[in-house]
Amino acid sequence: MGPHPAVAAIRLAVRRVLHDVLTEHHTRAEHTGDRPDRNGRPQATTPERPDPLVLVACSGGADSMALASALAFESRKLAVRAGGITVDHGLQDGSDLRATEVAGRMAALGLGPVEAVTVTVGREGGPEAAARDARYAALDAAAERHGAAAVLLGHTRDDQAETVLLGLARGSGIRSLSGMAAVSGAAGRYRRPFLELDRQTVRKACVAQELAVWDDPHNADPAYTRSRLRHEGLPALEKALGKGVVEALARTARLSRDDADALDSWAADAEAAVRDEAGRLECAKLFGLPPAVRRRVLRRAVIAEGAPAGSLFARHIEEVDRLITGWRGQGAINLPGRVEARRQGGRLVIRQG
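About the thresholds
Residues numbered from 1 in each chain as written. Predicted model: local features only at pLDDT ≥ 70, side-chain atom pairs only at ≥ 80, totals over all residues. Heavy atoms only, no water. Disulfide = S-S within 2.5 Å. Helix = DSSP H or I, 4+ residues; strand = E, 2+ residues; numbered from the N terminus. Expected span 1.5 Å × (residues − 1). Buried < 20%, exposed > 50% of the residue type's maximum accessible area, 1.4 Å probe, protein only. Pairing = 2+ DSSP bridges. Contact = heavy atoms within 4.5 Å. Axes fitted to C-alpha atoms, helices over the stretch in contact; angles between N-to-C directions.

Visitor: I tried to follow the state of the cysteines on my own but got confused; where do I start?
Guide: Simply put, the disulfide is a covalent bond whose two ends are the sulfur atoms of two cysteines. Under the defined criterion, the tally for this structure stands at 0 disulfides. Here Cys 58 is not cross-linked by a disulfide; its sulfur's nearest cysteine counterpart is in Cys 206, at 9.2 Å.

This is the structure in structure tokens:
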């Protein structure tokens, strides 16, 4: 008798991602002269040429514990080393003990290396954004420290739907509506195997495997925007519009991502054409671009001068865009990261102030 359907689903999702990681690992080996054998597998593992390491980011919740269990199971059948990282944000009493317990659970699954990392959460961008920034910084550092080829994240289709709705509420544009990518981060470090699975399937997999999970009380705290959306907003939408809202929002994310990727590519190609010989942006040429492309060119230019991408919102770019489309002699626009943009002699000058 095979595994529970939910368990089979999470394992299949992880298996597909691990195959992608291995394919990329083999491709890099070929390019560096470390050719695979006649069966397409890497040559025998040596200390200089280890199997790729894949880490799971695990909070101890149902989504990430299901992911950890699937990674542990599938890695035993493939040429992959599997480990885990849990991040203690220090925002709740006893969080250090919980992090130690989660690390122990991952080790009991057979994962290694396993590490519990403590971070200090700042205040910039609000509590949710600050915690997310601290978490990803810790995961990046852990991946570098251990030489990991990938870090798996347990975001589900429900998380994707919430992300799309949050982007819609903020009026952040099509890139925000595209939600979370299945592959993201430097060199495709972060992988999200569960984006096509709903939260209920993942929880059923935990029950079927008798996995102990921890429900973060912050996930039910109405003080947090995502929590209110999860427990009030989405249920209200499903009551008004019927079932299938989550699936429709996830589909919107996929379609929006395709469009956003195409526009980003167009903007990257257009940027060189709107600069003069000295590399300065020419306002007349910028004006001739479609608005969606022009604003992407402006965003790229502002980030290149030091504005943090996570703090740069649509309203900032709209203000810079008015220097091109609504020029009335206005002064410099102040942007995050102490960057300023001003129109000068028919050129758009962007620099740190």
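Visitor: Even after reading the chapter, I still don't get helix H11 (residues 291–304), so can you show me in this structure?
Guide: Since the α-helix advances by 3.6 residues per turn, residues separated by three or four positions end up pointing in the same direction. Look at H11: 20 Å from first C-alpha to last across 14 residues, which is about the 20 Å you get at 1.5 Å a residue. Residues of H11 that are buried: Val 293, Arg 294, Arg 296, Val 297, Leu 298, Ala 301 and Val 302. At the C-terminal side of H11, Gly 306 shows a positive phi close to 115°.

Visitor: Honestly, the sheet that holds strand E8 (residues 333–335) in this entry has me stumped. Any pointers?
Guide: Sheet strands pair by backbone hydrogen bonding; their relative direction is either parallel or antiparallel. Taken in spatial order, the 4 strands of this open sheet run E7-E10-E9-E8, and their pairing is antiparallel. The two strands at the open ends of the sheet, each matched to only one other strand, are strand E7 (281–282) and E8. Pairing between E8 and strand E9 (residues 339–344): 3 bridges, direction antiparallel. Residue pairing in the sheet places Asn 334 in a bridge with Glu 340 of E9. Packed onto the sheet, H11 meets E7, E8, E9 and strand E10 (347–352) and runs at close to 35° relative to E10.

What is shown is where atoms sit, not what they do.
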